[in-house]
Amino acid sequence: MPRSPIPADRPIAIYYEHPEWFKPLFAELERRGTPIVRIDAARHHFDPAETPHYSLVFNRMSPSAYNRGAANAIFSTRAWLAHLALHGVRVVNGHEAWLAETSKAAQLSLLSRLGLPYPAARVINHPAEAPAAAAGLRFPIVIKPNVGGSGAGVRRFDSPESLADAVRDGDLSLGIDSTALVQEFITAEEGRIVRVETVGGKVIYGIRVYTPGNTFDLCPADVCQRVDGTALDAQICAVDAPARGLRVEGYTPPVDVVADVERITAAAGIEVGGVEYLVDVRDGQRYYYDVNALSNFVADARNVVGFDPFVTLADYLEREAVAALSTARGGAREAA
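Residues numbered from 1 in each chain as written. Predicted model: local features only at pLDDT ≥ 70, side-chain atom pairs only at ≥ 80, totals over all residues. Heavy atoms only, no water.

### Thoughts on the overall build of the chain
Right, so step 1: Each helix and strand in the chain was counted, giving nine helices and 13 strands.
Right, so step 2: Burial statistics for the chain: of 336 residues in total, 51% are counted as buried.
Right, so step 3: Accessible surface computed for the chain: about 14,600 Å², of which carbon and sulfur atoms make up 50%. (Helix = DSSP H or I, 4+ residues; strand = E, 2+ residues; numbered from the N terminus. Buried < 20%, exposed > 50% of the residue type's maximum accessible area, 1.4 Å probe, protein only. Areas by Shrake-Rupley, 256 points an atom, 1.4 Å probe, with all protein chains shown as cover.)

### Side note on the sheet that holds strand 8 (residues 180-184)
Right, so step 1: Spatially, four strands are ordered 5-8-6-7 in an open sheet, and the strand pairing comes out antiparallel. At either margin of the open sheet sits one strand with a lone partner, and together these are strand 5 (121-124) and strand 7 (155-157). Averaged over neighbouring strand pairs, the angle between their axes works out to 25 degrees when direction is ignored.
Right, so step 2: Across the face of the sheet, helix 4 (residues 104-113) comes into contact with strand 5, strand 6 (141-145) and strand 8 while running at roughly 50 degrees to strand 8. (Pairing = 2+ DSSP bridges. Axes fitted to C-alpha atoms, helices over the stretch in contact; angles between N-to-C directions. Contact = heavy atoms within 4.5 Å.)

### Here's the deal with the sheet that holds strand 3 (residues 56-60)
Backbone-to-backbone hydrogen bonds pair the strands of a sheet. The strands run either parallel or antiparallel.
Right, so step 1: Read across the open sheet, the four strands follow the order 2-1-3-4; overall the sheet is parallel. With partners counted over all chains shown, the strands left at the sheet margins are strand 2 (36-40) and strand 4 (91-92), one partner each.
Right, so step 2: One ladder, built from two bridges, connects strand 3 with strand 4; its direction is parallel. Within strand 4, the residue paired with Val 57 across the bridge is Val 91.
Right, so step 3: Helix 1 (residues 23-32) contacts strand 1 (12-16), strand 2 and strand 3 of the sheet and is inclined by roughly 160 degrees relative to strand 2.
Right, so step 4: Together, strand 1, strand 2, strand 3 and strand 4 form the strand contacts of helix 2 (residues 72-86), whose direction differs from that of strand 3 by roughly 155 degrees.

### Notes on the pairing of strand 13 (residues 286-292)
Right, so step 1: With six of seven residues buried, strand 13 lies mostly within the body of the structure.
Right, so step 2: Relative to strand 13, strand 12 (residues 272-279) runs antiparallel, the two sharing six bridges. Looking at strand 13, one finds that Glu 276 is bridged to Asp 290.
Right, so step 3: Counting the residues that bridge the hairpin from strand 12 to strand 13 gives six residues, and of these Gly 284 lies at a positive phi of roughly 70 degrees.

### Considering the pattern of salt bridges
Any two side chains of opposite charge can pair if their charged atoms end up close together.
Right, so step 1: Inspection of every chain in the model, using the stated rule, returns 24 salt bridges.
Right, so step 2: The residue Arg 195 makes a salt bridge to Glu 276 at a minimum N-O spacing of 2.8 Å. Of this pair, Arg 195 sits in strand 9 (residues 192-199) while Glu 276 sits in strand 12, and the two are 81 residues apart along the sequence.
Right, so step 3: Among the residues examined, Arg 195 registers a relative accessible area of 5% and is labelled buried.
Right, so step 4: With a relative accessible area of 6%, Glu 276 lands in the buried category.
Right, so step 5: The network of salt bridges with shared partners includes Glu 28, Arg 31, Arg 32, Asp 315 and Glu 318. (Salt bridge = Lys/Arg side-chain N within 4 Å of Asp/Glu carboxyl O.)

### Points about the nonpolar core
Right, so step 1: Within the largest apolar cluster, 35 residues are counted, with the highest numbers of intra-cluster contacts made by Leu 25, Phe 58, Leu 313 and Leu 317.
Right, so step 2: The element contributing the most residues to this core is helix 9 (residues 309-335), with six residues.
Right, so step 3: Discounting chain neighbours no more than four positions away, the residues touching Leu 313 are Leu 25, Phe 58, Val 199, Val 272 and Phe 297.
Right, so step 4: Among the nonpolar cores identified, the runner-up in size contains 22 residues, and Leu 111, Leu 116, Val 196 and Tyr 288 belong to it. (Core = buried A, V, L, I, M, F, W, Y, C linked by side-chain atoms within 4.5 Å.)

### Overview of the packing of helix 4 against helix 7 (residues 255-268)
Right, so step 1: Where helix 4 contacts helix 7, the two axes come as close as 10 Å, and the packing angle between them is 125 degrees. With respect to helix 7, the axis of helix 4 lies oblique. Crossing geometry of helix 4 relative to helix 7 is assigned as right-handed. Contacts from Leu 110, Leu 111 and Arg 113 of helix 4 reach helix 7 at Ile 264, Ala 267 and Ala 268.
Right, so step 2: For the contact of helix 4 with helix 7, a count of residues per class yields five nonpolar, no polar and one charged. (Parallel < 35°, antiparallel > 145°, perpendicular 65-115°, else oblique. Left-handed = near helix turned anticlockwise from the far one by under 90°. Nonpolar A, V, L, I, M, F, W, Y, C, P; charged D, E, K, R; others polar.)

### Describing the side chain of Asp 260
Right, so step 1: Relative to the elements of secondary structure, Asp 260 occurs in helix 7.
Right, so step 2: A residue is classified by how much of its surface remains accessible, and Asp 260, at 12% relative accessible area, is buried.
Right, so step 3: Not counting residues within four places of it along the chain, the set of residues in contact with Asp 260 comprises Leu 116, Arg 286 and Tyr 288.

### Structural notes on the side chain of Asp 290
Right, so step 1: Residue placement: Asp 290 occurs in strand 13.
Right, so step 2: Looking at Asp 290, its side chain comes within polar contact range of the side chain of Lys 104, at 3.3 Å.
Right, so step 3: If near-sequence neighbours (up to four positions away) are discounted, Asp 290 is found in contact with Lys 104, Gln 107, Gly 274, Val 275 and Glu 276. (Polar contact = N/O pair within 3.5 Å; in protein donor to acceptor, adjacent residues only side chain to side chain.)

What is shown is where atoms sit, not what they do.
Here's what the structure looks like:
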């Protein structure tokens, strides 16, 4: 086993909730002999008076955790990340990134500030506000919970009447923070979306995911079929993915998209993440619509994009952990 540059008494902490998505990362770090601590976000406690002795914390918490019985972790994560920041612990995808990850409203405000196009939307905090908020938007529209992830809770309405009926019948949920987007539904050109992934704030690859248009769950780790029909071999592949008709292919995004994505993730404080966009079949316009601080890399990446992004990610985490340890030692010498 290779010798790790990370000392055993200052391990890298991986803070996560989903039991399957991160197996490849664990396997790569363990292959290197890198000392790690796995922290289950759904069953976690901390002492506000203590500074954790990790070289680095990697935040892998998912906003869709409430679909897996772990809603409790969504808001406690905010408190823990704030604690780590106050105590000077190096965190990849820290407090700022988590705030962006758990607010689709904040993501759109960020896109607006950057002058980037996104599907027209309004933000509401009560179902009764939905019809008025939808006025002036092009139907169909979707209601998106502010805290989402993996398409959780997204509903489509094809007419103002159907939306009004749902409100009248009490059949409209805004999610766990009672906040949601009322947003124009974009029919994607060729039924595909593009996801561009970053590590260390730099784009490492893009993929195009083709969908029949009847699902909002486009998690790249769950797409198990290439566009040419080849089944992907992966440890973390949803068994129903081929049945949903999702297909994927590697894609090199244009230079201007690379620049946009790196601006977005930098502004959101996201070091490891992905940005999704689509092209509207009606006007040919590109629209950014999702900013992710949780990167579920595409399944069987070597067979789709030509390399293993978990190797790239592990390299980055080790470099950042070594740099954080060096900074901490320098500070300790100055204090002495």
